[in-house]
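What follows is the residue order along each chain.
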Amino acid sequence: MQKVRRIMDKEHKVSVYDMVKELNLKEVTPEINSREVYIEQAEINRPALQLAGFFENFAKNRVQIIGKAEHLFIEEVEKDVENAKNIYNRFIGAGIPAIVFCRNLHPSEMLLDIAKKYSVPVLISQDSEVIRWLGVVLAPSITIHGVLVDVFGEGILITGESGIGKSEAALELIRRGHRLVSDDVVEIKRVSKKTLIGTSPEVTRFFIELRGIGIIDVKNLYGVESVKMEQEIDLVIQLEDWNKDADYDRLGLEEKYVEYLGNKVAAHTLPIRPGRNLAIIVEAAAINHRQKKMGYNAAEELYKRVTGQMEE
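Below: a short report on this structure. Predicted model, so just to flag it, every value in this text is computed and none were measured. (Residues numbered from 1 in each chain as written. Predicted model: local features only at pLDDT ≥ 70, side-chain atom pairs only at ≥ 80, totals over all residues. Heavy atoms only, no water.)

Here the focus is the layout of surface pockets. Reported here for the second largest pocket is a volume of approximately 690 Å³. Those elements giving two or more residues to the lining of the second largest pocket turn out to be β17 (235-241), β19 (263-272), α10 (278-293) and α11 (298-311). In the lining of the second largest pocket, the residues fall into 12 nonpolar, six polar and nine charged. (1 Å grid on protein atoms, 1.4 Å probe; cavity = no way out; pocket = protein on both sides within 12 Å on 5 of 7 lines; lining within 4 Å. Points joined across faces, edges and corners; volume = space filled by probe spheres on them. Helix = DSSP H or I, 4+ residues; strand = E, 2+ residues; numbered from the N terminus. Nonpolar A, V, L, I, M, F, W, Y, C, P; charged D, E, K, R; others polar.)

So, in structure tokens, the structure goes:
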């Protein structure tokens, strides 16, 4: 499905218009076309130093957030009208993408006039949700070949060569009451140093390709409870053809990991051979992983029992 991957390739940016619609922001400069203004950085800037007239190392490519402290300082700055106009021209005219006033704070007419002069959208938000939203939407991301399912609340990313049985395993898991996030193409975003979020490209969302049958619509076939928009990735299961000469892990004492976008995720390699029920194995892996996160490791418990018995 290389054609699908090409369709989903897009620049890593979001328009101010999309942010306004998603977060229900108020546009106080409606004459500026926010569809043509783009945000390319997830980080925001609180322009305390810039409002004081200091512009060294100014993060001008970021959305500028005005909170209560900045708003109070603006009131002080504007007491000197000429100085305020000079600062606003340097600040807004530097090429910033947008200004957001949080907590329903309102901009002054002077600031609005200069924002219109440089075609910089000015927005009002009831809270600070803009910061979190940008962190998710513009997080570093990659697209990989695999299947992502929610199994007992654990995000299981199934990878392996094309045709090895990933989609079939996902379909069996769906029949057993678990939820599909994405088949074939998984978009992964790094929203923090510990968290990876997986989702599906909009074009292929909730569809599964089964060789010999074709495309099925999981949402319509099994209901809305069988699908999910996004899921944190907790465990990776790598499928591979059975190799009788390979040395597969039989105890699980040593945790193995794979790395995506600099984040490590626990991983298991499952050899595939006729007669193995992948869905049941994936369920067991999900429960076992949850137990480990809660502090219980079955392999370590068995090891303690064996060594204790030997010592006796």
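So much for the structure itself; the text now carries on.
Among the 10 residues of helix α8 (residues 166-175), seven are classified as buried, and the element is accordingly described as predominantly covered. Every buried residue of α8 is listed here: K166, S167, A169, A170, L171, L173 and I174. Within two residues after α8, G177 carries a phi angle of roughly 100°, on the positive side. (Buried < 20%, exposed > 50% of the residue type's maximum accessible area, 1.4 Å probe, protein only.)

Attention now goes to the packing of α8 against α10. Running from amino to carboxyl end, α8 crosses α10 at an angle of 70°, the nearest separation of the two axes being 8 Å. One element, α8, and the other, α10, form an angle in the roughly perpendicular class. Contact with α8, carried on its side by A169, E172 and L173, involves L278, A279, V282 and E283 of α10 and no other residues of that element. (Axes fitted to C-alpha atoms, helices over the stretch in contact; angles between N-to-C directions. Parallel < 35°, antiparallel > 145°, perpendicular 65-115°, else oblique. Contact = heavy atoms within 4.5 Å.)

Our next topic: the pairing of β17. Bridge count for strand β10 (residues 154-160) against β17 is five bridges, and the pairing is parallel. Across the sheet, residue L157 finds its bridge partner in β17, namely V236. Across seven bridges, β17 lies against β19 in parallel orientation. Across the sheet, V236 pairs through a bridge with A267, a residue of β19. (Pairing = 2+ DSSP bridges.)

Here the focus is the sheet that holds strand β18 (residues 256-260). Spatially, the six strands line up as an open sheet ordered β11-β9-β10-β17-β19-β18, and their pairing is mixed. In the strand order of this sheet, the two ends are held by β11 (179-182) and β18, each with one partner. Each neighbouring strand pair of the sheet contributes to a mean axis angle of 35°, computed without reference to strand direction. As judged from the three bridges shared by strand β9 (residues 147-151) and β11, these two strands associate in the antiparallel manner. Among the inter-strand pairings, D150 is bridged to a residue of β11, identified as R179.

This next bit is on a nonpolar patch on the surface. A surface patch of nonpolar side chains, amounting to about 640 Å² of accessible area, comprises L251, L253, L302, Y303, V306 and M310. Considering the arrangement of structural elements, one finds L302 in helix α11. (Patch = residues over 30% accessible without salt bridge, like charges linked within 9 Å, V, L, I, M, F, W, Y side chains within 5 Å. Areas by Shrake-Rupley, 256 points an atom, 1.4 Å probe, with all protein chains shown as cover. Salt bridge = Lys/Arg side-chain N within 4 Å of Asp/Glu carboxyl O.)

What follows concerns the packing of aromatic side chains. Inspection of every chain in the model, using the stated rule, returns two aromatic pairs. For the pair F55 and F58, a centre-to-centre distance of 5.8 Å together with 75° between the ring planes defines the contact as edge-to-face. Neither residue differs from the other here; F55 and F58 are each classed as buried. Summarising the aromatic geometry, the rings of F58 and F91 are spaced 5.8 Å apart at their centres and angled 40° between planes, so their arrangement reads as tilted. You can see F58 sitting in the loop between α3 (48-51) and β5 (63-66) and its partner F91 sitting in helix α5 (residues 81-92), a full 33 residues away along the chain. Accessibility expressed as a relative area gives 13% for F58, which makes it buried. Under the relative-accessibility criterion, F91 is labelled buried at 1%. One aromatic cluster is present, built from ring pairs that chain together F55, F58 and F91. (Phe/Tyr/Trp six-rings, centres within 6.5 Å; stacked < 30°, edge-to-face > 60°.)

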